Amino acid sequence: MTPISRHIGVLGAGQLGRMLAISGYPLGQKFGFLGAGPGDPSALLGHMHGAVDDARSVEALLRFADVITYESENTDVELVRRLAREVPVYPGAASLYHAQHRGREKGLFDRLGIPCAPYRRVAERAALDGAVAELGLPAVLKTATEGYDGKGQYLVREPGELDAAWAAMAGREAVLEGFVAFRRELSIIAVRNAADEHVYYPLVENRHHDGILRTTIAPAPAVEPAVQQKAEGYMRALLDEMDHVGCLALELFETEDGLLANEMAPRVHNSGHWSIEGAQTSQFENHVRAITGLPLGETTPRQPWAAMVNIIGETGPVEEVLRMPGCHLHLYDKAERPGRKLGHVNVLADTREALDAALARLAPFLP
Ligand code: AMP
């Protein structure tokens, strides 16, 4: 039999790469990372590591890797195209190209009939007035590229704020979006391998604070099967269109009129961290399986309820978590810094009441 072990190269060496490696080692995989430096959370887990902006490190990764993946939608698409001429890179450049630019991403949603908030692309200050006249206020101005965790965004309530909003874009191209009065925020993760097998995790509910994800409830409470099907249909269309291999995450707004797509990420996603203990197969293992051509694993929850609480800024009373039944602590070995994701706690429970009781005990980790 052909061994299933592969050498997996990862562009980026943060916590997502770290959790990919942790989930891939039981399958016999080896990992190499190109990050920023030896302080990266993944660096010391790898069989090789180097710097992504160092040509010799890139050559070393090409020699090391049977397949290459990446951790961030801000990965250089030209680098991915160049590497892909020598080693398969999954997800491919098409996924990265669409996901790293809000204008292209929304154009794709439009083409595939995936509803999203009304929007206008805004390349210069003069275009902003026209966009506001068409969409009305309030509206959200976002940089087309490099936005994450609510950064590079400005909620415009009145015309007097337009100059300040444009200044916040710091000269970058932007997208103006109509403000969505959503009921709640949901997300879904799908996984596809090169043999066109595809699996979907249940929709989850996400709560943010200051633009940063704080808590995920999995599955999202009170989701009709038809809504899950609708979300899976959107994912299927995106996977097929981009010939996507690996995990794909889509953030959605749930509104009175149904789901609106917000943004997608061509990678494992923070709102899927619950799946490490919460699902039969975690998003990380399924990503590793997908990019190495293995059969995909079941996405069904192991217990009726799960939640994920991010540990942000400071580590907090983590020893308390170790005493709590049904709780699992994940720390990324990162130094404390305001707003920085340092780890997360997963909780599994048989009833909603038990889940809420556990979440109440985890309140010290929440804002
Ligand atoms: P994003 O970076 O696009 O995920 O936006 C970060 C957060 O800002 C989202 O999770 C929402 O809570 C909020 N947000 C973004 N876009 C809109 C919008 N068009 N209307 C209302 N809230 C939004």
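Refer to the preceding data block for the structure.
Cut-off values and rules
- Residues numbered from 1 in each chain as written.
- Predicted model: local features only at pLDDT ≥ 70, side-chain atom pairs only at ≥ 80, totals over all residues.
- Heavy atoms only, no water.
- Near = heavy atom within 4 Å.
- Polar contact = N/O pair within 3.5 Å; in protein donor to acceptor, adjacent residues only side chain to side chain.
- Areas by Shrake-Rupley, 256 points an atom, 1.4 Å probe, with all protein chains shown as cover.
- Helix = DSSP H or I, 4+ residues; strand = E, 2+ residues; numbered from the N terminus.
- Axes fitted to C-alpha atoms, helices over the stretch in contact; angles between N-to-C directions.
- Parallel < 35°, antiparallel > 145°, perpendicular 65-115°, else oblique.
- Left-handed = near helix turned anticlockwise from the far one by under 90°.
- Contact = heavy atoms within 4.5 Å.
- Nonpolar A, V, L, I, M, F, W, Y, C, P; charged D, E, K, R; others polar.

Just to check I follow, could you spell out the site of the ligand for this structure?
Of all residues adjacent to the ligand, which total 15 residues, the nearest are Lys 142, Gln 153, Val 180, Glu 185 and Glu 263. Interatomic distance of 2.8 Å between a side-chain N/O atom of Lys 142 and an oxygen atom of the ligand. Within the contact set of the ligand, an oxygen atom lies 3.3 Å away from a side-chain nitrogen or oxygen of Glu 251. Considered on its own, the ligand offers 480 Å² of accessible surface; in the complex 90% of this is hidden by protein. Contributing elements (two or more residues each) for the shell around the ligand: β6 (139–143), β8 (174–178), β13 (246–255) and β14 (258–265).

I keep staring at the packing of helix α2 (residues 55–64) against helix α3 (residues 77–84) and nothing clicks. Help me out?
Packed helices, taken two at a time, are described by their axes: the angle between them and the distance between them. Here α2 crosses α3 at 40 degrees, and the two axes come no closer than 11 Å. Here α2 is positioned oblique relative to α3, judged by the angle of their axes. Handedness of the α2/α3 crossing: right-handed. Between α2 and α3, the residues in contact are Val 58, Glu 59 and Leu 62 and Leu 79, Arg 82 and Leu 83, respectively. In terms of residue class, the contact of α2 with α3 is made up of four nonpolar, no polar and two charged.

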